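Here are the chains, one letter per residue:
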Amino acid sequence: MGERISITTPDGAFSAYVARPAAAKAPAVVVIQEIFGVNQVMRDITDGLAAQGYLAVCPDLFWRIEPDIDITDQSEAEWKRAFELFNAFDVDQGVKDIQATIKTIRADAGCDGKVGAVGFCLGGQLAFLTATRTDVDAAVSYYGVGLENRVPEAEKLTRPLLLHIAEEDQFVPKEAQAVIIAALKDHPQVEIHTYPGRDHAFARVGGEHYDEADAKLAGGRTLQFFQRTVG
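Keep in mind that what you see is a predicted model, and the values were worked out from it rather than measured.

K.L.:
Mind showing me how you'd approach the environment of Pro10 here?
P.N.:
Tracing the chain through its elements places Pro10 in the loop between strand E1 (2-9) and strand E2 (12-19). Between the C-alpha atoms of Pro10 and Ala100, which are 90 residues apart in sequence, the distance is 9.9 Å.

Here's what the structure looks like:
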């Protein structure tokens, strides 16, 4: 179903996985990766959005460290590598690469001009920053890590943002959740949903903390949000 495209930046080019919908023209959604690269989980999410009618694109944001990372959450060695990548990753540069992806996909013949973004884990933080720093039309953040350090940027937020927060997230402790919710709950552009009993990555199919019911609930809320904001 998917294809690979190349996205050009002043520093070089990187690849992105694209899945196209049945419609000739549709809104686009940028899928922002976890710490495992553009792996099968991310490609499946991208394909799923295309099946829902969106032109979906998942850029390789680790390309500056190592291109085409594709690992899983199923072994200790892969987790170790994932955290090495996470620690080496330049968030500010990553947001610029997301902006380049938005620009490229918006110019695609299959895009109607509207572009949303959805990110998971590391991508959840990047989705928040995409909402505050780029010209994306709307963004969704799943269990974003480190958001408590980013909330001052909410003053720059002029586009709709949906947050999914796992209440028992081992990477986003209760104190951090309290900071995020207190800072954003009254923002006119922000919608927040919390998921009691859920841990980090509850929507990652095949993951240790996957919860089918809440993954479906969050997925339905995400689709409704995109239908309202990008069409």
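K.L.:
Could you clarify how one ought to interpret the nonpolar core in this entry?
P.N.:
Core analysis: the largest hydrophobic core is formed by 79 residues, its most contacted members being Val118 and Leu126. Sequence-distant contacts of Leu126, defined by excluding residues within four places in its chain, comprise Ile32, Leu61, Phe89, Val91, Val95 and Ile98.

K.L.:
What should I look at first to understand the state of the cysteines in this one?
P.N.:
Each disulfide consists of one covalent bond between the sulfur atoms belonging to two cysteines. Scanning the model with the defined rule gives zero disulfides in all. There is no disulfide at Cys58, and the cysteine sulfur nearest it, in Cys121, is 13 Å away. Owing to a relative accessible area of 0%, Cys58 belongs among the buried residues under this scheme.

K.L.:
I keep staring at the pattern of salt bridges and nothing clicks. Help me out?
P.N.:
Once the charged atoms of two side chains with opposite charge are near each other, the side chains can pair. Within the structure shown, the criterion is met by 22 salt bridges. Residue Lys174 pairs with Glu168 through a salt bridge whose shortest N-O separation is 3.0 Å. Residue Arg198 pairs with Asp211 through a salt bridge whose shortest N-O separation is 3.5 Å. Placement of the pair is Arg198 in the loop between strand E8 (190-195) and helix H6 (212-229) and Asp211 in the loop between E8 and H6, with a sequence separation of 13 residues. The network of salt bridges with common partners includes Glu66, Lys80, Arg81 and Glu84.

K.L.:
Just checking my understanding: could you explain the layout of surface pockets for this structure?
P.N.:
If a probe the size of a water molecule is rolled over the atoms, the empty space left behind becomes visible. Approximately 480 Å³ is the volume attributed to the largest pocket. Along the wall of the largest pocket there are 20 residues; nearest its centre are Ile45, Phe120, Tyr142, Ala203 and Gly219. For the lining of the largest pocket, the secondary-structure elements that each account for two or more residues are helix H1 (40-51), strand E5 (111-120) and H6. Taken together, the residues that form the lining of the largest pocket break down as eleven nonpolar, six polar and three charged.

K.L.:
Please explain empty space enclosed by the protein as it appears in this structure.
P.N.:
Using the criterion set out here, one finds one cavity of 30 Å³ or more in the structure. If you add up the space inside the largest cavity, you get close to 60 Å³. For the lining of the largest cavity, a count of residues per class yields six nonpolar, three polar and one charged.

K.L.:
Mind showing me how you'd approach the sheet that holds E5 here?
P.N.:
Within a beta sheet, neighbouring strands are joined by backbone hydrogen bonds and run either parallel or antiparallel to one another. Here eight strands make up an open sheet; going across it, the order is E1-E2-E4-E3-E5-E6-E7-E8 and the pairing mixed. In the strand order of this sheet, the two ends are held by E1 and E8, each with one partner. In this sheet, neighbouring strand axes are inclined to one another by 20° on average, regardless of whether the strands run parallel or antiparallel. Running at roughly 115° to E1, helix H3 (residues 91-106) makes contact with E1, E2, strand E3 (26-32), strand E4 (55-59) and E5 of the sheet. On the sheet, H6 packs against E3, E5, strand E6 (138-142), strand E7 (161-166) and E8 and is oriented at approximately 170° with respect to E6.

About the cut-offs
- Residues numbered from 1 in each chain as written.
- Predicted model: local features only at pLDDT ≥ 70, side-chain atom pairs only at ≥ 80, totals over all residues.
- Heavy atoms only, no water.
- Helix = DSSP H or I, 4+ residues; strand = E, 2+ residues; numbered from the N terminus.
- Core = buried A, V, L, I, M, F, W, Y, C linked by side-chain atoms within 4.5 Å.
- Buried < 20%, exposed > 50% of the residue type's maximum accessible area, 1.4 Å probe, protein only.
- Contact = heavy atoms within 4.5 Å.
- Disulfide = S-S within 2.5 Å.
- Salt bridge = Lys/Arg side-chain N within 4 Å of Asp/Glu carboxyl O.
- 1 Å grid on protein atoms, 1.4 Å probe; cavity = no way out; pocket = protein on both sides within 12 Å on 5 of 7 lines; lining within 4 Å.
- Points joined across faces, edges and corners; volume = space filled by probe spheres on them.
- Nonpolar A, V, L, I, M, F, W, Y, C, P; charged D, E, K, R; others polar.
- Pairing = 2+ DSSP bridges.
- Axes fitted to C-alpha atoms, helices over the stretch in contact; angles between N-to-C directions.

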